Amino acid sequence: MDSSTNSLDDVSADSSAEFPDRASMMEVRLQAQEDEITLLKSSLADALRRLRIHDQVLQLLKQQVIAVNPGAARVLSQACCSDCSTSSRKLSSSSASDGIRHTATRVRRNSEKLGNPERQRKRLDKKAASSANLLTRSPSLENRAKELIASAGSPGSRRGTYSQGQSIKMFIRGRPITMYIPSNIQNYDELKMEPPSERLELDWVYGYRGRDGRANLYFLPTGEAVYFIACVIVLYHINNRTQRHYRKHTDCVRCLTLHPDKVRVASGQTAGVDKDGKPLQLCVYIWDSTTLVTLQQIGPGTFQRGVGSVAFSFADAGSFLCVIDDSNDHMLSLWDCTKGTKHAEIKSTNEAVFAVEFNPRDSTNIITCGKSHVYFWTLSGGQLTKKQGIFGKYKKPKFIQCFVFSLTGDVLTGDSEGNIMTWGKSAADIKTLGKGAKETYQIMRQTKAHEGSVFTLCTLQGGGLLSGGGKDRKIIRWSADLAPERECEIPEKFGAVRTIAATDEEELLVGTTRNAILRGTFSDGFVAIVQGHVDEMWGLATHPSQNIFLTCGHDRQVCLWNTEEHKLDWCITLEEYGLCADFCPNGSVVSVGLSTGRWMVLDLLTREVVSESTDGNEQLSVMRYSPDGSFLAVGSHDNFIYIYSVTESGRRYTRFGKCNGHSSFITHLDWSKDGKYIMSNSGDYEILYWDIAAGCKLLRNRFESKDREWASYTCVLGFHVMGVWLEGSDGTDINALCRSHNEKMVAVADDFCKVHLFQYPCPKLKAPSHKYEGHGSHVTNVCFTHSDSHLLSIGGKDTCILQWKVIGGGVGNSHERLASASSTSTSSPEPATS
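A brief structural summary.

Conventions used here
Residues numbered from 1 in each chain as written. Predicted model: local features only at pLDDT ≥ 70, side-chain atom pairs only at ≥ 80, totals over all residues. Heavy atoms only, no water. Pairing = 2+ DSSP bridges. Helix = DSSP H or I, 4+ residues; strand = E, 2+ residues; numbered from the N terminus. Axes fitted to C-alpha atoms, helices over the stretch in contact; angles between N-to-C directions. Salt bridge = Lys/Arg side-chain N within 4 Å of Asp/Glu carboxyl O. Buried < 20%, exposed > 50% of the residue type's maximum accessible area, 1.4 Å probe, protein only. Polar contact = N/O pair within 3.5 Å; in protein donor to acceptor, adjacent residues only side chain to side chain. Contact = heavy atoms within 4.5 Å. Phe/Tyr/Trp six-rings, centres within 6.5 Å; stacked < 30°, edge-to-face > 60°. Lys NZ or Arg CZ within 6 Å of the ring centre and 35° of its normal.

**Examining the sheet that holds strand E30 (residues 508-512)**
So, step 1. Strand order in the open sheet formed by 4 strands is E29-E30-E31-E32, and the pairing between neighbours is antiparallel. The open sheet has two edge strands with one neighbour each: strand E29 (497-502) and strand E32 (525-530). Averaged over all neighbouring strand pairs, the angle between strand axes comes to 30°, with direction disregarded.
So, step 2. The pairing of E30 with strand E31 (residues 517-521) spans 4 bridges and is antiparallel. Paired with Leu 509 across the bridge in E31 is Arg 519.

And the structure:
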């Protein structure tokens, strides 16, 4: 029975392993087909462009002939029509210049056959008037005609010109998006894009990875707590309330450990993948916590998927480092820290491994624990051998969560049954196992400690023990012989105890499963010194005049943060999760859009709900007040934008109208500076403009909005931010962007864990930028503070908030720089197709 079950599990594992490969191959084939379609569209557009040039030359010749002889209109029109059909056939095999020469010859020949000049001119004027009337009666036809004329260029970013101005075309996933060039740009082709003079410097990190981390909180002799979240390892000075950051990691940090000298730190990370989905090489970093200098890179390219656990040896002053990776076999390897060479390696288990430690008295003995196991390893002659812990008469728990070494040399484990097991060596059972049987590790004692799991154990200098519980949220202090001495319970809002670090015999640091770090004692209780979200965040808004910002996310928490004091001011929990937010311009209230179509307005001082409403039954994606605060626009996934008039200082809302015209869900929107118009983006890469003052009317002629000034710029699609898109982007690569209030720079949140800083405006593809790492997941939103002194960025699954300080900066506003660049720059390569 067992063998058949194992074989079925193996087959299931093999098939599940093959599935990603098949899916990957299908994705590659699909991408190749899409590339082929794009290439065909490019060829077609190029042919249309050449035809357009040909038609323009004909029109010019026509005007010249009519100027000489007004009666040439009719014959010339016939010649043009005949020549157009001839030229369209010839373009497939000859160049545009040959067609032009052919046209000139036909024009000269037909100009000799002119009839009654006055009658022909009247007939031509009548037809022109009829065509003009048709376009006037049908604005959509007029708009479409302009777009067809303007889009006769290639599918890159070549200019398309028509009678009223110029346009640029870019493609996202094969869909053409036309951008109209503002009037103050004289020569788009000669625009030169440069990175902004401003730069970002990481100022503060909000949050802690406690929900799934283990043994990831240590206290340094410098008075700093060291922990991690996303790709950043934070060194937080508890008394001074300052932070330093180790930022060598390129993906989410998974583990860290402290060297016996209390200075060096080893840390490991998830492997991660690049933009093409290829796994990146990873290593374990050993670095100096005083200088933040990287001392060694252990095993680059050796570990698979990620590094789950690391530990320094103690008996030999930290000469060896033990590493367990996240491969299927959870490879256990020993490394010589002085040479950086591998000393031994072995497969540990195909079950999850939670912890690894050296015996502090003997570096040849190593213990690992995890799902359904505790292994005792011995190093001899460069080879590792293991013995499994025997539970005997005791119930075998599903998880061995943690372990420590007691002062007597025993091993104490905490498990998912809430027990602390005391393990010791037992003599070989010769009667049962026969001659040659070896000693084993068995349970000597079982102590019931907590209700639910024992997540962490921590030894004290005097021989005492601390244990942290899961379900009961208790911290218990035990004597050396495991007699309970003191206990306390942490507040429910912080979750269960994840890890404990003792600063001295009294004061403790406690990491919790709801991503908080607490500081306190058994006598005085515990207070939070680090807090964060516990699930994906999307909503971010900065106050219009104060140094505070608000976040909301899938954990149903709405949090108000202070950027100066680097702390959480308040936090409330909602019934549904929040996805978007915006402060009223007067700064007294903030609106939050929820996942059910409901939205509410909160008073910042009392935290009370002063107004609420529901628009549709789908999630809301954007909330945006008009510059003067008289209107609120609510963008929904039901494809509508709901407009509300705002009175009583942001406390009363009345439905004003609804913008109906998008064919997909609303993603971003911005108000014009005069508060009369809205620019909006949708999920199908559409850019629409709305006249709110005229009753939420859709502006059919998008060309008319090319010179309009916007109070904010968060729309990811638009002429002024076209350059933020990378070549080959699929339309979802950029989650959010935000223009600074001084209109000098634009920050971008992308799907590849990066924050970019571009010059604003940024109207040319492949524009240079400053790129910043730190997030370990897709960056969902970015926003500048009211004074542009800082930028806030929030992550998705990494639940991390990064506060960046803006340093440097030049002079002049965006309009001056753009006009100057278009008139004085020498040349710039033509933007490529997106």
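Next comes the rest of the description.
**Topic: the pattern of salt bridges**
Side-chain pairs of opposite charge can arise whenever the charged atoms involved come near each other.
So, step 1. Tallied over the entire structure, the rule returns 26 salt bridges.
So, step 2. For Arg 175, the salt bridge goes to Asp 684, with nearest N and O atoms at 3.7 Å. With a gap of 509 residues between them, Arg 175 in strand E3 (residues 175-180) and Asp 684 in the loop between strand E46 (677-682) and strand E47 (687-691) connect regions that are remote in the sequence.
So, step 3. Here Arg 175 falls in the partly exposed class, since its relative accessible area comes to 32%.
So, step 4. Asp 684 sits in the buried class, given a relative accessible area of 14%.
So, step 5. Here Lys 673 ties to Glu 709 by a salt bridge, and the two come within 3.6 Å at their closest N and O atoms. Separated by 36 residues along the polypeptide, Lys 673 in the loop between strand E45 (666-671) and E46 and Glu 709 in the loop between strand E48 (697-698) and strand E49 (734-739) bring together distant segments of the chain.
So, step 6. We classify Lys 673 as partly exposed; its relative accessible area is 38%.

**A short note on the side chain of Ser 729**
So, step 1. Along the chain, Ser 729 falls in the loop between E48 and E49.
So, step 2. Separated by 2.7 Å, the side chain of Ser 729 and the backbone oxygen of Leu 726 make a polar contact.
So, step 3. Setting aside chain neighbours within four positions, we find Ser 729 in contact with Ile 172 and Arg 173.

**Brief notes about the packing of aromatic side chains**
Any aromatic ring pair is given by two values, namely how distant the centres are and how the planes are angled relative to each other.
So, step 1. As enumerated under the stated definition, the model contains 25 aromatic pairs in all.
So, step 2. With a centroid separation of 5.9 Å and 85° between ring planes, the pair formed by Tyr 180 and Phe 703 is classed as edge-to-face. One end of the pair, Tyr 180, is in strand E3; the other, Phe 703, is in the loop between E48 and E49, with 523 residues separating them in the sequence. Neither residue differs from the other here; Tyr 180 and Phe 703 are each classed as buried.
So, step 3. Ring pairs connect the aromatic residues Phe 376, Phe 391, Trp 423 and Tyr 441, which therefore count as one cluster.
So, step 4. Lys 764 extends its terminal NZ or CZ atom over the ring of Tyr 188, reaching a point 5.2 Å from the ring centre.

Read these as geometric descriptors, not functional statements.
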